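# Secondary and tertiary structure notes
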Amino acid sequence: RSANPGEVLTGAMRAGGESTAMGAGVNSANRLQSAARPGQVYVGPLTHEATRDVIGYEEIGPVQARGREEPIDAYRAVDVLLLPGRRPRVRQATLVGRDPELALLRSAISLAYTQRRTLLVLLLGDAGVGKTRLADDVATWAERERDARMLESHCVPYGEANIWYPIGAALRTLFEIGDRMSSADAREATAKSVAHLLQVDVESRAVRHLAANLLYLMGYEAGPQLDPQRIREEASRSLIQVLEAATAIAPVFFRVADLHWADDLVLEVIDEVIDGLGRNPFVLVGTARHLLDARWKPRTGRHNHLIVNLDPLDQVAASQLLDQLLDTEIDADTRRMLLSRSGGNPFFLEELISGRRDGAHVLTSTSPRST
């Protein structure tokens, strides 16, 4: 396989013929593909530059392309640094303009931990509005001030075969299981962790049963062939039991990013877990775009439920963020343009400043909108 951008001409070579693509970009991609072995992915310098923050590459060296005098610098993709839907973190600026939301969240989390009342928090807003940044600050505060145990996961839009990944990834953190750990090693590590949490013998039948159910959520084989609905129900009950045991040791803070990409079954299990843990010091903070609104109405029950809708930053807060992000002085007109173009969206403001540093042209028309 290969990846190489460029301008191409598409169309049929003759009347009634099949459409084809022609151009230097096609020739370069074809040469890269020919150089790659089966199962390998080669890319050219432009693709490498655009994706090196999310894909790990090995430099191959010059590859001669048919129809070109100069060879192409080729790179082989070797590792995924960030899953689909994630983006590299830029310089972390101090949180601005979110004092009311931060105070509300801290108060709700304190109540959950002191009153042992499970809390579900949803941070909703458009892409780039600062949901993750707010969740970062809240998580850091809960860990520092409330000695909460951190579990973290996120949902992905594509590229992950295990629909339970958002839950399974958190379990891997809880049980210290690496992504490349074998099934046998993962089974033993999970059994030991479960036995420690429940304070029972690792060889007990109950531990082995719980471990098998939790391994299913982590993407491993479920063992004996059972009805999928039965497996899911068993896994959900096992998850509740283990999290309940974990909260007996320390408060638990579980954050899940991009819930709008979660499978419906994952949302169903979250409902069951929150309801099942109703009187335990457990907080789940989920971030999502408003795409989630039509898909999920969280259950009510013995737990507390808080929804925080994040709006773009006001002019004062956006100006404060701009001051943090700038590393050089700018004139008043450029400042007004950046604030206007960003529309109070922190991510848009970061990207506009990054574009200026990279020499990109910054448009001065209406403010960008999230899609």
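Up top is the structure.
Residues numbered from 1 in each chain as written. Predicted model: local features only at pLDDT ≥ 70, side-chain atom pairs only at ≥ 80, totals over all residues. Heavy atoms only, no water.

## What to know about the nonpolar core
- Ranked by size, the top nonpolar core spans 50 residues in total, and within it L171, F175, L239 and L259 carry the most contacts.
- Those elements that place two or more of their residues in this core are β7 (119-124), α5 (165-175), α6 (183-198), α7 (205-217), α8 (228-249), β9 (252-257), α9 (264-276) and β10 (282-288).
- Residue contributions to this core peak at seven residues, all from α8.
- Apart from the residues within four sequence positions on either side, F175 is in contact with A189, T190, S193, V194, L197, L214, M218 and V242.
- Among the nonpolar cores identified, the runner-up in size contains 24 residues, and L105, A139, F253 and V308 belong to it. (Core = buried A, V, L, I, M, F, W, Y, C linked by side-chain atoms within 4.5 Å. Buried < 20%, exposed > 50% of the residue type's maximum accessible area, 1.4 Å probe, protein only. Helix = DSSP H or I, 4+ residues; strand = E, 2+ residues; numbered from the N terminus. Contact = heavy atoms within 4.5 Å.)

## Some thoughts on the environment of A127
- Here A127 is to be found in the loop between β7 and α4 (131-146).
- With a relative accessible area of 18%, A127 lands in the buried category.
- The spacing of A127 and H290 is 163 residues in sequence and 9.3 Å in space, taken between C-alpha atoms.

## Section: the packing of aromatic side chains
- Applying the stated criterion across every chain, the model contains two aromatic pairs.
- Judged by centre distance (6.3 Å) and plane angle (55 degrees), the rings of W164 and Y216 are tilted. Of this pair, W164 sits in the loop between β8 (149-154) and α5 while Y216 sits in helix α7, and the two are 52 residues apart along the sequence.
- Judged by its relative accessible area of 4%, W164 falls in the buried class.
- An angle of 45 degrees between the planes, with centres 6.4 Å apart, marks the rings of F347 and F348 as tilted.
- Accessibility expressed as a relative area gives 17% for F348, which makes it buried. (Phe/Tyr/Trp six-rings, centres within 6.5 Å; stacked < 30°, edge-to-face > 60°.)

## What to know about the pattern of salt bridges
- All told, the structure shown has 14 salt bridges when counted by the stated rule.
- Ionic pairing is found between E234 and R230, a salt bridge with its closest N-O pair at 3.3 Å. Here E234 and its partner R230 are both found in helix α8, four residues apart, which amounts to about one turn of the helix.
- The partner of E272 in a salt bridge is R232, and the shortest N-O contact between them spans 3.0 Å. Taken together, the residues E272 in helix α9 and R232 in helix α8 connect sequence positions 40 residues apart. When sorted by exposure, E272 lands in the same class as R232, which is buried.
- Linked through salt bridges whose partners overlap, the residues forming this network are E188, E203 and R208. (Salt bridge = Lys/Arg side-chain N within 4 Å of Asp/Glu carboxyl O.)

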